[in-house]
Amino acid sequence: YFQFTHDVYGQTQIVDLIDNGSNIPVTNENRKLYVQKYVDYLLNGSIQKQFESFRIGFFQVCGISVLSLFRAEELKLCVCGSPVDIDTTQLEQVCLYKAGYNKHHP
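Read on for an overview of the structure. Predicted, not measured: the structure shown is a model, and the values here were computed from it. (Residues numbered from 1 in each chain as written. Predicted model: local features only at pLDDT ≥ 70, side-chain atom pairs only at ≥ 80, totals over all residues. Heavy atoms only, no water.)

What follows is about the overall build of the chain. In terms of regular secondary structure, the chain is built from four helices and two strands. Listed N to C, the secondary structure of the chain is β-β-α-α-α-α in terms of helices and strands. Against the globule reference of 13 Å for 106 residues, the chain gives a C-alpha radius of gyration of 23 Å, more extended than a compact globule. With the C-alpha coordinates of the chain rotated into their principal frame, the extents come out at 70 × 30 × 30 Å. In the chain, buried positions account for 8% of the 106 residues. For the chain, the share of sequence-separated contacts (at least 6 apart) that also reach a separation of at least 24 residues comes to 26%. Accessible surface, the chain as shown: approximately 9,300 Å² in total, 56% of it carbon and sulfur. When the 9 positive and 11 negative side-chain charges of the chain are each reduced to one mean point, those points stand 5 Å apart. (Helix = DSSP H or I, 4+ residues; strand = E, 2+ residues; numbered from the N terminus. Rg over C-alpha atoms; globule rule 2.2 N^0.38 Å. Buried < 20%, exposed > 50% of the residue type's maximum accessible area, 1.4 Å probe, protein only. Contact = heavy atoms within 4.5 Å. Areas by Shrake-Rupley, 256 points an atom, 1.4 Å probe, with all protein chains shown as cover. Lys, Arg positive; Asp, Glu negative; His and termini not counted. Charge placed at Lys NZ, Arg CZ, Asp CG, Glu CD.)

What follows is the structure, given as structure tokens:
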């Protein structure tokens, strides 16, 4: 059936992937639509509430215009961090301070 079943804190939840999904069996003819709806729910629908809260907070802090300053990869790096360890010692050695700032500035 056009449903997604998952466990939420020990409780089974069933979500219809389309209207009346509990009454529509998956067949050979509609299986592509089922996979499309299933993947869309996993990647979008299942996190919609959490993402909306994140989006509101992000724009309150940064403003909507900040998105125009970054490419997608750069924004991901800002939000998620770098998967590579940063050598802060090397970074300090090549850092150039300006406008009254120095190595010992708080």
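Additional details are given in the paragraphs that follow.
With that settled, consider the pattern of salt bridges. With the rule as written, the count across this model stands at three salt bridges. With a closest N to O distance of 2.6 Å, Glu 52 and Arg 55 form a salt bridge. On the criterion of helical spacing, the pair formed by Glu 52 and Arg 55 is a turn pair, its members being three residues apart in helix H2 (residues 48-62). For Glu 52, a relative accessible area of 31% translates into the label partly exposed. Here Arg 55 falls in the partly exposed class, since its relative accessible area comes to 32%. With its nearest N and O atoms 3.3 Å apart, the salt bridge here joins Glu 73 to Arg 71. Look at Glu 73 and you get exposed, because its relative accessible area is 52%. Connected through shared salt-bridge partners, Arg 71, Glu 73 and Glu 74 make up one network. (Salt bridge = Lys/Arg side-chain N within 4 Å of Asp/Glu carboxyl O.)

Under the defined criterion, the tally for this structure stands at seven aromatic pairs. Taken together, a centroid distance of 5.8 Å and an interplanar angle of 35° make the contact between Tyr 34 and Tyr 38 tilted. Here Tyr 34 and its partner Tyr 38 are both found in helix H1 (residues 31-43), four residues apart, which amounts to about one turn of the helix. (Phe/Tyr/Trp six-rings, centres within 6.5 Å; stacked < 30°, edge-to-face > 60°.)

Quick look at the pairing of strand S2 (residues 11-16) now. The buried fraction of S2 amounts to zero of the six residues, a small share that puts the element mostly on the outside. As defined by bridge partners, strand S1 (residues 3-8) adjoins S2 across six bridges and the pair is classed as antiparallel. Bridging from a neighbouring strand, Asp 7 pairs with Thr 12 of S2. Counting the residues in the hairpin turn of S1 and S2 gives two residues, including Tyr 9, whose phi is positive at 50°. (Pairing = 2+ DSSP bridges.)

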